[in-house]
Amino acid sequence: MADRSFLDWPFLTPRHKAFAERLGAWAAEHVPTLAHHDHGDVDPACRLLVHGLGEAGWLKPCVPAAYGGLVDKLDVRTLCLARETLAYHSGLADFSFAMQGLGSGPISLAGSEEQKARYLPLVASGRQIAAFALSEADAGSDVAAMATTAVPDGASHVRLDGAKTWISNGGIADHYIVFARSGEAPGARGLSAFIVDADTPGLTIAERIEVIAPHPLATLRFDGCRVPVSQRLGRPGDGFRIAMATLDIFRSTVGAAALGLARRALDEALGRAMARPMFGGRLADLQLTQAALAEMATGIDAAALLIYRAAWVKDGGAARVTREASMAKLAATETAQQVIDKAVQIFGGLGVRTGSKVEELYREVRALRIYEGATEVQKIVIARELMREKAS
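Residues numbered from 1 in each chain as written. Predicted model: local features only at pLDDT ≥ 70, side-chain atom pairs only at ≥ 80, totals over all residues. Heavy atoms only, no water.

### Description of the pattern of salt bridges
Working step 1: Inspection of the entire model under this criterion finds 23 salt bridges.
Working step 2: With a shortest N-O distance of 3.3 Å, Asp 223 and Arg 221 are connected by a salt bridge.
Working step 3: What makes Arg 221 partly exposed here is its relative accessible area of 34%.
Working step 4: Linked through salt bridges whose partners overlap, the residues forming this network are Arg 235, Asp 238 and Arg 241. (Salt bridge = Lys/Arg side-chain N within 4 Å of Asp/Glu carboxyl O. Buried < 20%, exposed > 50% of the residue type's maximum accessible area, 1.4 Å probe, protein only.)

### Remarks on the packing of aromatic side chains
Within a pair of aromatic rings, the relevant descriptors are the distance that separates the centres and the angle that separates the planes.
Working step 1: This model, assessed by the stated rule, comprises 6 aromatic pairs.
Working step 2: Ring geometry for Phe 11 versus Trp 312: centroids 5.7 Å apart, planes at 55°, classification tilted. Of this pair, Phe 11 sits in the segment before helix H1 (14-34) while Trp 312 sits in helix H8 (residues 287-315), and the two are 301 residues apart along the sequence.
Working step 3: For Phe 11, a relative accessible area of 17% gives the class buried.
Working step 4: With 5.6 Å between their ring centres and 75° between their planes, Phe 19 and Trp 58 make a pair best called edge-to-face. Here Trp 58 lies in the loop between helix H2 (43-55) and helix H3 (76-89) and Phe 19 lies in helix H1, a separation of 39 residues in the sequence. As far as burial versus exposure is concerned, Phe 19 and Trp 58 are alike and both buried.
Working step 5: An aromatic cluster is present here, built from Phe 6, Trp 9 and Tyr 308 joined pairwise through their rings.
Working step 6: Across the ring face of Phe 6, the terminal group of Arg 263 is positioned such that the distance to the ring centre comes to 4.3 Å. (Phe/Tyr/Trp six-rings, centres within 6.5 Å; stacked < 30°, edge-to-face > 60°. Helix = DSSP H or I, 4+ residues; strand = E, 2+ residues; numbered from the N terminus. Lys NZ or Arg CZ within 6 Å of the ring centre and 35° of its normal.)

### Description of the state of the cysteines
Working step 1: The full count for this structure, using the stated rule, is 0 disulfides.
Working step 2: Cysteine Cys 46 shares no disulfide, and the gap to the nearest cysteine sulfur, in Cys 62, comes to 14 Å. (Disulfide = S-S within 2.5 Å.)

### Some details on the nonpolar core
Working step 1: Residues Leu 160, Phe 179, Val 196 and Tyr 308 are the most contacted members of the largest nonpolar core, which totals 116 residues.
Working step 2: Looking at this core, the element that brings in the most residues is helix H7 (residues 239-275), giving 17 residues.
Working step 3: Contacts of Val 196, omitting those with residues within four sequence positions, involve Leu 160, His 175, Tyr 176, Val 178, Leu 203, Phe 222, Cys 225 and Val 227. (Core = buried A, V, L, I, M, F, W, Y, C linked by side-chain atoms within 4.5 Å. Contact = heavy atoms within 4.5 Å.)

### Re the packing of helix H4 (residues 91-102) against H7
Working step 1: Where H4 meets H7, the axes come as close as 11 Å, and the angle between the chain directions of the two elements is 170°. Taken together, the axes of H4 and H7 lie roughly antiparallel to each other. In this structure, H4 uses Asp 94, Gly 101 and Leu 102 to contact H7, whose residues at the interface are Thr 246, Leu 247, Phe 250 and Ala 257.
Working step 2: Tallied by class, residues from the contact of H4 with H7 come to 4 nonpolar, 2 polar and 1 charged. (Axes fitted to C-alpha atoms, helices over the stretch in contact; angles between N-to-C directions. Parallel < 35°, antiparallel > 145°, perpendicular 65-115°, else oblique. Nonpolar A, V, L, I, M, F, W, Y, C, P; charged D, E, K, R; others polar.)

### Side note on H4
Working step 1: The end-to-end C-alpha separation of H4 is 16 Å, in line with the 16 Å expected for 12 residues at 1.5 Å each.
Working step 2: Burial within H4 is extensive, with 12 of its 12 residues counted as buried.
Working step 3: Residues of H4 that are buried include every one of Gly 91, Leu 92, Ala 93, Asp 94, Phe 95, Ser 96, Phe 97, Ala 98, Met 99, Gln 100, Gly 101 and Leu 102, and no others.
Working step 4: Capping of H4 at its N-terminal end is provided by Ser 90; its side-chain oxygen lies 3.2 Å from the backbone amide nitrogen of Leu 92. (Expected span 1.5 Å × (residues − 1). Polar contact = N/O pair within 3.5 Å; in protein donor to acceptor, adjacent residues only side chain to side chain.)

Listed below in structure tokens is the structure:
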């Protein structure tokens with residue numbers, strides 16, 4: 001099991017430590033069965049995971065306490081601990097948890113009382129699967145380039161037309177948070193957000209997208225999809241603000257997921273190096289192996305410090321943690337890729353054999369350097385924050 005000494009760091013409280021330890025014990029017992037899936041069909045496993053996590057109470061961190069959650073507002077440290085712990089055991093388990101949070105986060109942050117009461121308890125209990133539909137073919141990192149439109153259709157509805165792609169939980173979600181151009185102002189200021197139930201006429205799954213680490217992803221199409229105005233989150237034109245506020249919370253958690261994958265890779269590599277006979281001793285006796293293990297452990301701790309620093313600052317009441325969250329995601333995902341690559345190297349031929357744990361980790365980590373802001377975008381964000389602070 002991964003080193004848990006970081007739970008004693010000052011960023012975390014006894015409540016956080018107890019949560020992580022309970023979830024770790026539960027995940028070790030239940031996740032291997034729930035997350036078991038055929039490479040070509042992950043839908044049943046995701047449904048089982050969401051139901052199992054919800055039934056056991058582990059989805060509560062995804063919503064505020066008033067709607068079935070743990071605490072009054074979303075606690076980023078708890079979200080990070082959950083993702084790190086689940087990712088250590090299964091990338092698909094982490095995915096299932098994360099999308100319940102991301103796909104309901106805009107409701108928690110900007111929903112009306114009626115919207116919160118309708119959707120959030122179902123998300124927290126695992127009875128409804130959530131999704132976040134922001135990306136488009138030509139508008140991923142550049143949200144302001146969004147082309148999906150939301151135009152008035154009578155006094156009480158809007159009509160959505162366009163397409164969203166790379167949508168996690170696409171095809172299995174019960175509701176989608178959809179961002180569309182509503183035209184109140186140019187660029188990012190003219191976007192709005194809507195809760196769109198999966199069975200709304202005009203919403204279809206255009207295609208399922210297969211990726212190297214199987215997760216349910218899809219392209220959604222909206223063709224004259226009529227959505228009640230009452231399903232809009234916040235005011236017209238609030239979409240960009242809502243999206244960024246949501247990502248400000250969940251970006252650090254992507255780093256936490258990468259951290260969980262990296263911790264598992266280090267554990268696997270340590271076990272292999274200490275057991276593998278080599279040149280009359282063990283693979284672990286070789287100085288080059290020891291150097292690799294030392295670099296892996298140091299990178300993991302450095303990334304963890306950035307992640308829990310960002311989460312601690314947000315939980316402390318900071319309105320935005322753009323710089324801290326971007327640093328955390330950048331460092332953690334890039335470090336995890338390096339750590340897992342070293343683990344594969346330590347395993348040698350077995351490391352690239354289909355079905356081995358480090359091979360699975362190698363496939364799982366790659367997407368984390370891209371989604372919710374690619375590494376290159378994080379560097380731009382950090383640099384702009386530095387220049388903004390210098391100019392102020």
